[in-house]
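Structural features, examined
As a plain string of letters, each chain reads:
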Amino acid sequence: MFKSALIGLLSMLAVLVLPQAAQAEYADVVINNYADAAGMRPAVFPHWYHRIRFRCKVCHADLGFKFKAGGNKITMAKIIDGKFCGACHNGEISWSVENCGMCHSGIPGTPTQIHGSTVQRLVAPTYKSLSKPKPAK
Amino acid sequence: MKIKYFFLSVLVAATFTVVGGNAQAAQAPIKQVKSAKGKVSGANVFNRLLKKEKQRNAPPPEDGIHDPANDGTHVLQPPLIAYDGLPKTEFGNYVDWVKALNDGLLKPRYDRFDPTVEPLVMDLDIVREVKASMPDVVFPHKPHTQWLHCSNCHPKIFIPQRKANVINMSAILLGQKCGVCHGKVSFPITTKSCTKCHSKPKPADWKPPKSEASLKNPWR
């Protein structure tokens, strides 16, 4: 009984929070494979910022990024070894990894997603919103 | 707008909630309706269920996925500053990336070290006939090869052979085939973007194929 009540309450809370859609830029990727568990904010990757500077080929062919949000299993160890983000974010092409908060800037608890994707819009929004719903007066 | 979202949320919540919180959820809309102007129901509005973006290209601290409590968030560039002067569209980032590249407004690198490397562009259009009444699809290799490398699509996503690929809109909308990029990063599938792919009109004498059910109908 208590369990079902708890699930009901949780689902209601989730549903209350969800419809206030986040307005992040189309194609922003939230990567939260390990960040939350490690006590860091999830990383947010802005596609728009990077495609102004590089063509898709650079990351998706040369660096081996898969076309799947969260599908690359990126860790800080790999980045420091010069893989994935670390191929550029090494202080040579772009700023280095000591700027933790520049990537790890997502709201804690935001699930891995590609923001504004068709799947996300069709099925259900999976993200939490910043703005709280209005309390019933 | 917020009230509408709240209505929606409460409605959905009421259907989803099993036990707890149900009473609270059910009470809320009654009070909201009473507070509406005059005697007319506030529910008679256009596009009650249509989700509209409140703000296009919101700056990172206000976009709902970046944490404003994080100092780094405020250092990030707001997209609108970067988009200044770029051609606009009605979907995605609201920027026509392909046109911006062709007009020379953007010079993204093809090699991560060397800005002078030119992409391997192939100019080949593939026409895919569409069974139904939508215009046929023209796939232009040119804008794709300007951004991508052959190996990004071939042979894993698209078999480079005629008639070897079965593509339909359901698959695309669910993120397969063209949907691996379109609908995630490159321009999305909206009612405003159909004709970007479905761009070759059917011949003048074209008629929609009749369905089996209609052909076998003994009463026709």
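Model, not experiment: these values are computed from the prediction.

1. Here we look at the overall build of chain B
Counting its regular elements, chain B contains nine helices and three strands. Overall, chain B shows an N-to-C arrangement of helices and strands of α-α-α-α-β-β-α-α-α-α-β-α. Here chain B, with 220 residues, has 32% of them falling under the buried criterion. When contacts within chain B are restricted to residue pairs at least 6 apart in sequence, those whose partners lie at least 24 apart make up 41%.

2. Here we look at the overall build of chain A
Check the secondary structure of chain A and you find six helices and three strands. Counted from the first residue to the last, chain A has its helices and strands arranged as α-β-β-α-α-α-α-β-α. The buried share among the 137 residues of chain A stands at 42%. Of all intrachain contacts in chain A linking residues separated by at least 6 positions in sequence, the fraction that spans at least 24 positions is 54%.

3. Points about the nonpolar core
In terms of nonpolar packing, the biggest core is built from 11 residues, these being Trp48 and Ile52 of chain A together with Tyr83, Leu86, Val95, Trp97, Ala100, Leu101, Leu106, Trp147 and Leu148 of chain B. Taken together, the elements giving at least two residues each to this core come down to α2 (47–53) of chain A together with α4 (97–102) of chain B. In terms of residues, this core owes the most to one element, α4 of chain B, which gives three residues. Excluding residues within four positions of it along the chain, leucine 101 of chain B makes contact with Arg55 of chain A together with Leu106, Pro108, Gln146 and Trp147 of chain B. Counting residues in each nonpolar core, the second largest holds six residues, with Leu63, Phe65, Ile74 and Phe84 of chain A among its members.

4. Let's talk about the pattern of salt bridges
Under the defined criterion, the tally for this structure stands at seven salt bridges over all chains. Here aspartate 67 of chain B makes a salt bridge to arginine 41 of chain A, at a shortest N to O gap of 2.8 Å. Residue aspartate 67 of chain B is found in the loop between α2 (22–34) and α3 (79–83), and its partner arginine 41 of chain A is found in the loop between β1 (28–31) and β2 (43–46); the two belong to separate chains. For the salt bridge of aspartate 62 of chain A with lysine 57 of chain A, the shortest nitrogen-to-oxygen distance reads 3.0 Å. Overall, the relative accessible area of 38% leaves aspartate 62 of chain A in the partly exposed class. The structure contains a network of salt bridges with shared partners spanning Arg56, Glu90 and Lys192 of chain B.

5. So, the packing of aromatic side chains
All names here are of chain A. In total, this model carries five aromatic pairs over all chains according to the counting rule given. Relative to phenylalanine 84, the ring of phenylalanine 65 lies with its centre 5.1 Å away and its plane at 65°, an arrangement referred to as edge-to-face. Pair noted here: phenylalanine 65 is in the loop between α3 (56–62) and α4 (76–80) and phenylalanine 84 is in the loop between α4 and α5 (100–103), with a separation of 19 residues, a long-range link. The same class applies to phenylalanine 65 as to phenylalanine 84, namely buried.

6. A word on the confidence of the model for chain B
As a general rule, the predicted coordinates of low-pLDDT regions are not to be interpreted in detail. Per-residue confidence for chain B gives a mean pLDDT of 85; residues scoring 70 or more make up 81%. Note on residues 14–28 of chain B: pLDDT is under 50 here. Beyond four places in sequence and across chains, it has 21 contacts.

7. Overview of the sheet that holds β2 of chain A
All names here are of chain A. Taken in spatial order, the three strands make up an open sheet running β2-β1-β3, and their pairing is antiparallel. Each edge of the open sheet is held by one strand with a lone partner, namely β2 and β3 (113–114). Two strands pair when backbone bridges link them, and β1 and β2 are joined in this way by four bridges, in the antiparallel orientation. Note on β2: the bridge partner recorded for isoleucine 31 is alanine 43.

8. Quick look at a nonpolar patch on the surface
On the surface, a cluster of nonpolar side chains totalling about 230 Å² of accessible area is made up of Met122, Leu124 and Ile126 of chain B. With relative accessibility at 37%, the residue leucine 124 of chain B sits in the partly exposed group.

9. Quick look at unusual backbone geometry
A cis amide bond, omega 0°, links histidine 154 of chain B with the succeeding residue proline 155 of chain B. Relative to the assigned elements, proline 155 of chain B resides in the loop between α6 (150–153) and α7 (169–173). Even without being glycine, alanine 27 of chain A reaches a positive phi, approximately 80°. Position of alanine 27 of chain A relative to the elements: it lies in the loop between α1 (2–17) and β1. In this structure, tyrosine 94 of chain B is a non-glycine residue whose phi angle is positive, near 65°. Inspection of the secondary structure puts tyrosine 94 of chain B in the loop between α3 and α4.

10. Remarks on the side chain of histidine 104 of chain A
Mapped onto the elements of the fold, histidine 104 of chain A is located in the loop between α5 and β3. Judged by relative accessible area, which is 16%, histidine 104 of chain A ranks as buried. Looking at histidine 104 of chain A, its side chain comes within polar contact range of the main-chain oxygen of arginine 41 of chain A, at 2.7 Å. For histidine 104 of chain A, the residues in contact, after removing those within four places along its chain, are Ala35, Met40, Arg41, Pro42, Ala43 and Met76 of chain A together with Asn70 of chain B.

Basis of the calculations
Residues numbered from 1 in each chain as written. Chains lettered and ligands numbered in written order. Predicted model: local features only at pLDDT ≥ 70, side-chain atom pairs only at ≥ 80, totals over all residues. Heavy atoms only, no water. Helix = DSSP H or I, 4+ residues; strand = E, 2+ residues; numbered from the N terminus. Buried < 20%, exposed > 50% of the residue type's maximum accessible area, 1.4 Å probe, protein only. Contact = heavy atoms within 4.5 Å. Core = buried A, V, L, I, M, F, W, Y, C linked by side-chain atoms within 4.5 Å. Salt bridge = Lys/Arg side-chain N within 4 Å of Asp/Glu carboxyl O. Phe/Tyr/Trp six-rings, centres within 6.5 Å; stacked < 30°, edge-to-face > 60°. pLDDT = per-residue confidence, 0-100. Pairing = 2+ DSSP bridges. Patch = residues over 30% accessible without salt bridge, like charges linked within 9 Å, V, L, I, M, F, W, Y side chains within 5 Å. Areas by Shrake-Rupley, 256 points an atom, 1.4 Å probe, with all protein chains shown as cover. Polar contact = N/O pair within 3.5 Å; in protein donor to acceptor, adjacent residues only side chain to side chain.

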